[in-house]
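Structural description and commentary
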There are 2 protein chains.
Amino acid sequence: MTVLENAARLLKCFNSECTDLTVTDVTERLDIPKANASRLLKAMRGAGLLETIGDSKRHRPGRLLIDLGAAFRGSSTLIAMAGEVVKEVSDTCGHTGFVSIRVGNEVSGVVDFPGSNALRVAGTIGRPLPAHTTATGRSLLARLSDAEVVALLRDATFKVTPRSPGTIDEVLAMLTEVRACGFGASFQETTLGVDAVGIAVGDPKTGEEVSLCIVFPSQIVSDAERQAILTGLADGAADIAFKTGDTRFKKPDPARFPLKGLTSHD
Amino acid sequence: MTVLENAARLLKCFNSECTDLTVTDVTERLDIPKANASRLLKAMRGAGLLETIGDSKRHRPGRLLIDLGAAFRGSSTLIAMAGEVVKEVSDTCGHTGFVSIRVGNEVSGVVDFPGSNALRVAGTIGRPLPAHTTATGRSLLARLSDAEVVALLRDATFKVTPRSPGTIDEVLAMLTEVRACGFGASFQETTLGVDAVGIAVGDPKTGEEVSLCIVFPSQIVSDAERQAILTGLADGAADIAFKTGDTRFKKPDPARFPLKGLTSHD
DNA sequence: TCACAAGTTGCAAAAAATGGAACAATTATG
DNA sequence: CATAATTGTTCCATTTTTTGCAACTTGTGA
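Now for a description of the structure that goes with this document. (Residues numbered from 1 in each chain as written. Chains lettered and ligands numbered in written order. Predicted model: local features only at pLDDT ≥ 70, side-chain atom pairs only at ≥ 80, totals over all residues. Heavy atoms only, no water.)

The next thing to look at is the protein's contact with DNA strand D. The immediate surroundings of DNA strand D are formed by 18 residues, with Asn36(A), Arg39(A), Thr24(B), Lys34(B) and Ser38(B) found nearest. One of the side-chain N or O atoms of Arg39(A) is found 2.9 Å from a base nitrogen in DNA strand D. Interatomic distance of 2.8 Å between a side-chain N/O atom of Lys34(B) and a base oxygen of DNA strand D. Those elements that provide at least two residues to the surface near DNA strand D are helix 1 (3-12) and helix 3 (34-47) of chain A together with helix 2 (23-30) and helix 3 (34-47) of chain B. Of the residues assigned to the surface near DNA strand D, the class counts are seven nonpolar, six polar and five charged. (Near = heavy atom within 4 Å. Polar contact = N/O pair within 3.5 Å; in protein donor to acceptor, adjacent residues only side chain to side chain. Helix = DSSP H or I, 4+ residues; strand = E, 2+ residues; numbered from the N terminus. Nonpolar A, V, L, I, M, F, W, Y, C, P; charged D, E, K, R; others polar.)

One finds Leu10(A), Leu11(A), Leu10(B) and Leu11(B) to be the most contacted residues of the largest nonpolar core, which totals 46 residues. The set of elements that each furnish at least two residues to this core consists of helix 1, helix 2 (23-30), helix 3 and helix 4 (68-74) of chain A together with helix 1 (3-12), helix 2, helix 3 and helix 4 (68-74) of chain B. Ignoring sequence-local partners within four residues, the contact set of Leu10(A) consists of Leu21(A), Val26(A), Leu30(A), Leu40(A), Leu41(A), Met44(A) and Leu50(A). Membership of the second largest hydrophobic core comes to 37 residues, among which are Ile66(A), Val85(B), Val110(B) and Phe187(B). (Core = buried A, V, L, I, M, F, W, Y, C linked by side-chain atoms within 4.5 Å. Buried < 20%, exposed > 50% of the residue type's maximum accessible area, 1.4 Å probe, protein only. Contact = heavy atoms within 4.5 Å.)

Next up on the list: the interface of chain A and chain B. Facing the 53 residues of chain A at the interface are 53 residues of chain B. Summing both partners gives a buried area of about 4100 Å² for chain A against chain B, and 73% of it is carried by carbon and sulfur. If you look at where chain A meets chain B, you find two salt bridges. Arg60(B) is the salt-bridge partner of Glu208(A), the closest N and O atoms lying 2.7 Å from each other. Of all elements in the fold, only helix 1, helix 3, strand 2 (59-61), helix 4, helix 5 (77-93), strand 3 (96-103) and strand 4 (106-113) of chain A reach the threshold of two or more residues within the side of chain A that touches chain B. (Buried area = accessible area lost by both parts, 1.4 Å probe. Salt bridge = Lys/Arg side-chain N within 4 Å of Asp/Glu carboxyl O.)

It is worth spelling out the sheet that holds strand 4 of chain A at this point. All names here are of chain A. Sheet architecture is open: six strands sit in the order 5-4-3-8-7-6, paired in antiparallel fashion. Two strands close off the open sheet at either side, each with one partner strand: strand 5 (129-130) and strand 6 (184-187). Inspection of the sheet shows strand 6 paired to strand 7 (residues 194-203) by four bridges, in the antiparallel sense. Across the sheet, residue Phe187 finds its bridge partner in strand 7, namely Asp195. Where helix 5 meets the sheet, its contacts fall on strand 3, strand 4, strand 7 and strand 8 (208-217), and the angle it forms with strand 8 comes to roughly 15°. Strand contacts of helix 9 (residues 223-244): strand 6, strand 7 and strand 8, with the helix running at about 10° to strand 7, the strand carrying the most contacts. (Pairing = 2+ DSSP bridges. Axes fitted to C-alpha atoms, helices over the stretch in contact; angles between N-to-C directions.)

As structure tokens, this is what we get:
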């Protein structure tokens, strides 16, 4: 096990839930002798990969790492284009929007736009979620074949919340629907009271795929507003698909736009 | 030189200008034999610290790194509070806002809010800037003593743009003014046509300091709007200073709010 | 003050990184 | 299309780092 691998494993421990680590934390999480944890932390601190919070023993990611997200976003014109579309829609409707990518069976937000409504869903960056339990995740999974999805979800956990799918077959059924509709939707699935829509689009030249997503409170958003949101995302995504030459993209069908409360889980 | 140090040096090369690196780039930038550059890249790729773009030889930060910014932000209540204030002001005025921190003589944005006006300043995350040439940077530098500033700027470059300060003395004079006013301002200094205001606030418990900043187009923003922006930031910052017990904070003086075109460099 | 947990350091063995040069692959050029 | 030029990878013995254990130090709370 090289230092680099341990360093990477350590960095993976951080997310919006776990924002700092001590020697003991690292000892447990990476399952290494505490001597090594101590030295790893010291080395990473020396390199600027970590920093201590105040003068406590708690470590957080070093400041040099905070610019990296920008480099990642900047390296992808697909993400930039998707961000613009989502920002536009988010500004118009006032709800929180984000662009996310899939890594294995997880989706991570890469850009987010917090929304301006008083009642808005909090930002979702920095907390990878299972792909099969989210609108945005399913919009991305729907671009794979059923066989690939089955392989990906081999050791996934189902029914993580009361409204999330309970079996692989249920997921596959949902994906069939996503492929037919052209978008993913979720109704109070990941978070109670929160609905979401996601549309995926890719760039065949780089192999990248992103999902454009808007999340909003279930109760207060009318059907008309839902349609407006979806139309906005769909138009923007279609535009991107045209530019990148994404042939797998299917323009969402307005006739199937999700209505308030439309869900197979009610 | 440990791998970790090289890895960190490599990651430092990324910013919003330089979003991907090849073996040759790394060889030159880190001044190491290309054999090592090749192996470093491979090791970092293996650890997930980097990934290739498509199947090219170009590398960008790995996806595991994009969540780290969120962990950093989450580890600091100061950043969270500052973000809320800036978001509020940015939403109200429609201009781009961000929260930044100082590292040595550089400032990096940690959260940004792109603004909703048609004519807005683009996001500023991921591109560290010299502290002494920006409103936000000077608002942070002003919290140091002149001696500390002199030490920090020992090998800084001056006059990086026509309107940026030309000597250390000029910087010190500007900082004196910042300390008197309670805020930093810049007029078409870093970018032509762009003005900015920044207010710094700290948390004595953790030693952290952040700056709340709004950037806007010089031409179209009236005096009244400038005052509104500054009042918004100032009220929010004062609130934060009260909560953290920051005694070094000085509430900006409305009488000295910057007027359109008010600048010693005109 | 003591006990206990958390973190750090010394040491020899084991593993990984280094740099030079040969080799392979890719890209540009006539 | 062949050749040159550029870019990236692999081989090797040597040097350096990392590892795991245990002893040690520091800090915390009863």
